Amino acid sequence: MAVNERAEFASTFKARYHTFVMARISEGDIERLAKLARVDIEGKEEKLLKDAEEILGYFEELKQVDTENILPLSGATEIVNAVGKDEINSELLEKGIASFPETEKGCLKVPGVMINRSQNE
Amino acid sequence: MNKETLSIKDAVSGITSREFSAEELVTEYLEETEARNPEINAFISVRREKAIAEAKKIDEKVKSGEKVGPLCGVPLAVKDNMLIEGEICTSASELLKDYVSAYDATAIKKIRDAGAIVIGKTNMDEFAMGSSTENSAFGVVKNPRDITRVPGGSSGGSAAAIAANMALGALGSDTGGSIRLPACFCGVVGMKPTYGRVSRFGLMAMASSLDQIGSFGKTVSDAEEIYSAIKGKDDRDATSKEAAESQINISDPGSITLGIPEEFFSGEGLDKETSQAMDEVIQTFRGSGIKIKEINLPHVKLSLSVYYIIVFAEVSTNLARFDGIRYSRGSDENDTLLEIYLKTRGRGFGDEVKRRILLGTFVLSSGYYDAYYAKAQKVRQLIKEDFVSSFSEVDVILSPTSPTLPFKLGEKTDDPIQMYLSDIFTLPVNLAGLPVISVPVRGRENKLPVGFQLIGKHWHDSDLFELGKFYERI
C-alpha cells in the first residue's frame, strides 16, 4: 500500500508541474508527505510548507553541477563488504525484549494489525 | 584544586598518587553542576549517587594497588544520545523521555573501562538535529561565556558543561558540526575523528553515513586523552576500522604545510572579528616555521545542499523506527494502527525533526530520488575528491569553525536556512569523512570565543592533536 501511495504521489506531482521544478510544492503535497511519513503535522502545515519551499529552492544550486560519469558516494571511507559472524546474541536478545514497551510470556506484544477497533467496542 | 586549569592528566595523577580521591573530585564537579546547571541547563540528567558510588570503587582500586585506566576517576559528561544500560536515554525528545536503554554504547563501555565516571547526560538538539541546542524537549541550553547566547549545537550541553566547569571532559556526536560548533561557541576543544575511527554502536542514529562520536576537552590534550580511550574497531559497528595513526613531524615545523582554502575565507558570510582572529592564527602558524599554502576546494560551496539532502533522506529512514510500537507508546487507547503511528510521532517529535522527516520522504520519493538524493551523492563524491586531491599538496587544512560569533538565543529559530548556514564550514568535512578538531583562538578570554578547524587526511587523526597542542604552546 505504501509503495502504491508513493508512486501515486510522484505521478500526480509530476503531472501537475510536468517538467521538473525543484522548489514548487503545495500544502496538499505537505499533507500527503506527512501521511506517507506517518507523522501528524496538524496546525503546522503552513510553516512547514514555507520552510520546504525555501529549502528546496536552495537545493536548486545543484542543478548547475555537471555530474555526468560521476559515481555516487554513499560513505566517505573505503570499507568494502564488512562481514560479521551470523550469531545469536542471547544476552542482547533478552535485554532487547525486556526493554520493549509491552511483552507477554517472553514475546513482544504489539497492537493488532487486522483489527477494526471501532467495531470491537 | 583549580577546576579552571585542572587537566585530565593532572586529575588522574592526583587520584593515583592519592593527593585527592576520585570521590572528592567527582563530588566537586557534582557540586558545581548543582550550582550552575539550573541556569545553563547543560544536563538532562545527573547521575549523582551512581557517580559517587563508582568513584568510591575507583578509590578502592587505587588503594589496593589494582591496575587503573588512563581516565581513572575523571568526571565526564555524555551527550544524551548514547546508551547506558538500565538508564534513561532521551535524545532530548519528548518521544523518548522515559526510554530505558537495554545495553551500553561501545564508547560508554570504553570510557568506563578506562576508569571515567559519567556524571550526567547532556542536553542537545532533539536527535542531534540543530546547530544551537534550542531544539530540545528539555529546554534551551545557554552559553556559559554569555548566557544571552546559544552554545552552538547539537552537542551544546557537552560543550557548555566543560565551559562552566561542570565536567572535565565530554563525549558528543558530530554529523555536520555538532561537536565543533559548540566547542567553538563555548571556547573549548572539540574533535570529530575520521568516520569509522570510533564505534557508533549504541549511538542513536541520525544520519548514519555522517554520524561520528568524538570528544571535548578544555585543551587539545584533554580531548586527545578521551579520544584515545574510545577509538578502535568494534565488531558491532561494521563501518568501524583499525588504522595506523600516521603522524606529521611536529619537531620540524618546516616540514609541515598547512592549506588555506580560499573558499572558506573569501565568503561574504564570514564576520569581521572572526576574519581578524583567523589572520592572527595564520600568522602564528607562519611565524613558527610551518608553511602556508593557498588551496582551492571548488565544490565545497555546494556542501549545504548536498549535506541536507543526504541528512533528510537518512533521517527519514532512521527515525522510522520510532513508530509508537517499539521504544515508546504515545497514542490513545483504542487507536487504530495508523492513528498510533501518526499520534505518537506527531506528539513526540519537535518541529525540526518533522521538517527533516517530511523533506527526507520527499527527496526519496520515486521520481525525485535521482534529482535530489542521487545527485547529492554524486556531488558528495566531487567534494571528497576536492579534499583528497588537495591533500597531495598540504598535510592539514585550516579554516574557521564558524562564520560568525555565537549568536543570540532565539535569533535563528524561525529561519531554518539561516540556522543551517551556521554549519557551512563544518559540514563539508563530514561529507568527506575526514578527521577534524576545533581549537579556540588564544587570547580571547574576555571576548566571545572564536575557533578554528584543523582538517586532516583520512585516519590521520593524531596529526590534528599534534598540531593543536603545538598551537597551544607556541
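Residues numbered from 1 in each chain as written. Chains lettered and ligands numbered in written order. Predicted model: local features only at pLDDT ≥ 70, side-chain atom pairs only at ≥ 80, totals over all residues.

S.K.: Before we go on, may I ask you to explain the overall build of chain B in this structure?
M.R.: Broken down by element type, chain B carries 16 helices and 11 strands. Taken over C-alpha atoms, the radius of gyration comes to 21 Å for chain B, in line with the 23 Å a tight globule of 474 residues would show. The 474 residues of chain B split such that 61% are buried. Sequence separation of 24 or more characterises 76% of the internal contacts of chain B that already satisfy a separation of 6 or more. (Helix = DSSP H or I, 4+ residues; strand = E, 2+ residues; numbered from the N terminus. Rg over C-alpha atoms; globule rule 2.2 N^0.38 Å. Buried ≥ 20, exposed ≤ 12 C-beta atoms within 10 Å, placed from the backbone. Contact = placed C-beta atoms within 7 Å.)

S.K.: What exactly am I supposed to notice about the nonpolar core here?
M.R.: Taken as a class, soluble globular proteins show a tendency for nonpolar side chains to be buried jointly. Core analysis: the biggest nonpolar cluster contains 165 residues, and B:Leu76 and B:Ile309 have the highest contact counts within it. Those residues within four positions of B:Ile309 in sequence are excluded, and the remaining contacts are A:Phe59, B:Val363, B:Tyr372, B:Tyr373 and B:Ala376. (Core = buried A, V, L, I, M, F, W, Y, C linked by C-beta atoms within 7 Å.)

S.K.: Explain the interface of chain B and chain A to me, please; I cannot follow it from the model alone.
M.R.: Quite often, the size of an interface is put as the accessible area lost when its parts meet. With 60 residues of chain B at the contact, the number on the chain A side is 51 residues. Counting only elements with at least two residues in the side of chain B that touches chain A, the list comes to α10 (303-318), α11 (337-348), α12 (351-363), α13 (370-390), α14 (416-421) and α15 (427-432) of chain B. The greatest single-element share of the side of chain B that touches chain A, amounting to 12 residues, is contributed by α13(B). Here the side of chain B that touches chain A is built from residues that sort into 29 nonpolar, 18 polar and 13 charged. (Nonpolar A, V, L, I, M, F, W, Y, C, P; charged D, E, K, R; others polar.)

S.K.: Hey, could you run me through the confidence of the model for chain A in this one?
M.R.: If pLDDT is low for a region, its predicted coordinates should not be looked at in detail. Summarising the model, chain A shows a mean pLDDT of 80, and 75% of its residues fall at 70 or more. A low-confidence stretch, residues 13-22 of chain A (pLDDT under 50), is modelled with 7 contacts involving residues beyond four sequence positions or located in other chains. (pLDDT = per-residue confidence, 0-100.)

S.K.: Can you walk me through helix α5 (residues 156-163) of chain B in this structure?
M.R.: An α-helical segment advances 3.6 residues per turn. Residues three or four places apart therefore align on the same side. All names here are of chain B. When you tally the buried positions in α5, you get 8 out of 8 residues, the bulk of the element. The set of residues buried in α5 consists of Gly156, Gly157, Ser158, Ala159, Ala160, Ala161, Ile162 and Ala163. Asn165 sits one or two residues past α5 and shows a positive phi near 55°.

S.K.: Any chance you could explain the packing of helix α7 (residues 220-230) of chain B against helix α16 (residues 461-473) of chain B here in plain terms?
M.R.: Helix packing for two helices is described by the angle between their axes and how far apart those axes are. All names here are of chain B. Two elements in contact, α7 and α16, have axes whose closest approach is 9 Å; the angle formed by their N-to-C orientations is 155°. On the basis of the axis angle, α7 is roughly antiparallel to α16. Here α7 runs over α16; the crossing is left-handed. Here α7 contributes Val220, Ser221 and Glu224 to the contact with α16, which in turn contributes Phe465, Gly468, Lys469 and Glu472. Looking at the contact of α7 with α16 residue by residue, the class counts come to 2 nonpolar, 2 polar and 3 charged. (Axes fitted to C-alpha atoms, helices over the stretch in contact; angles between N-to-C directions. Parallel < 35°, antiparallel > 145°, perpendicular 65-115°, else oblique. Left-handed = near helix turned anticlockwise from the far one by under 90°.)

S.K.: It is not clear to me how unusual backbone geometry should be interpreted in this structure. Could you clarify?
M.R.: As a rule of thumb, non-glycine residues mostly have phi less than zero, and peptide bonds are mostly trans rather than cis. All names here are of chain B. The linkage connecting Gly153 with the following residue, Ser154, adopts the cis geometry, with an omega of 10°. Note that Ser154 resides in the loop between β3 (117-122) and α5. A positive phi angle is found at Phe127, which is not glycine, with a value near 50°. Position of Phe127 relative to the elements: it lies in the loop between β3 and α5. One non-glycine residue, Tyr327, adopts positive backbone phi at about 65°. Mapped onto the elements of the fold, Tyr327 is located in the loop between α10 and α11.

S.K.: What is the right way to read the environment of B:Gly157 from this model?
M.R.: Tracing the backbone through its elements, the reader meets B:Gly157 in helix α5. Excluding residues within four positions of it along the chain, B:Gly157 makes contact with B:Ala42, B:Phe43, B:Lys79, B:Thr122, B:Asn123, B:Met124, B:Thr133 and B:Val141.

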